[in-house]
Amino acid sequence: MKDHLSRAEIRKDAVQDAVQAAAGMVGQVATIVTGAVRDVAGAVGGFATEIFEIRDSARKAAAEHAIDGD
């Protein structure tokens, strides 16, 4: 016996498939965005660390120069 699907059921199945595909795509995009935010935060944190190290080196150099200059 052959199943007969109504037009409404065919439309429902098509909408269901479209919604499932969209949900999968949204999940993939969210994963990409989350990874990008994590990478940017890491880069900014690394840059800030370098700035702190440069500042400390400059302070040490200035202090040594002040001692040597006396």
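Residues numbered from 1 in each chain as written. Predicted model: local features only at pLDDT ≥ 70, side-chain atom pairs only at ≥ 80, totals over all residues. Heavy atoms only, no water.

Looking at this structure, I do not really get the overall build of the chain. What am I missing?
On a plain count of helices and strands, the chain comes out with one helix and zero strands. Compactness check: the chain gives a C-alpha radius of gyration of 30 Å against a globular reference of 11 Å for 70 residues, more than 25% above the reference. Projected onto its principal axes, the C-alpha positions of the chain cover 105 × 15 × 5 Å. Split by element, the accessible area of the chain, about 6400 Å² in all, is 64% carbon and sulfur. Measuring between centres, the 8 positive side-chain charges of the chain sit 16 Å from its 11 negative side-chain charges. (Helix = DSSP H or I, 4+ residues; strand = E, 2+ residues; numbered from the N terminus. Rg over C-alpha atoms; globule rule 2.2 N^0.38 Å. Areas by Shrake-Rupley, 256 points an atom, 1.4 Å probe, with all protein chains shown as cover. Lys, Arg positive; Asp, Glu negative; His and termini not counted. Charge placed at Lys NZ, Arg CZ, Asp CG, Glu CD.)

Explanation requested: the pattern of salt bridges in the structure shown.
Opposite charge on two side chains makes pairing possible when the charged atoms of those side chains draw close. Enumeration over the complete set of coordinates arrives at three salt bridges. Ionic pairing is found between arginine 38 and aspartate 39, a salt bridge with its closest N-O pair at 3.9 Å. Linking arginine 55 and aspartate 56 is a salt bridge whose minimum nitrogen-to-oxygen distance equals 4.0 Å. The exposure class of arginine 55 is partly exposed, given its relative accessible area of 38%. For aspartate 56, a relative accessible area of 35% translates into the label partly exposed. (Salt bridge = Lys/Arg side-chain N within 4 Å of Asp/Glu carboxyl O. Buried < 20%, exposed > 50% of the residue type's maximum accessible area, 1.4 Å probe, protein only.)

Where do I start with a nonpolar patch on the surface in this structure?
Together, Met25, Val26, Val29, Val33 and Val37 line one region of the surface with nonpolar side chains, adding up to about 430 Å² of accessible area. Inspection of the secondary structure assignment puts valine 37 in helix α1 (residues 7-69). (Patch = residues over 30% accessible without salt bridge, like charges linked within 9 Å, V, L, I, M, F, W, Y side chains within 5 Å.)

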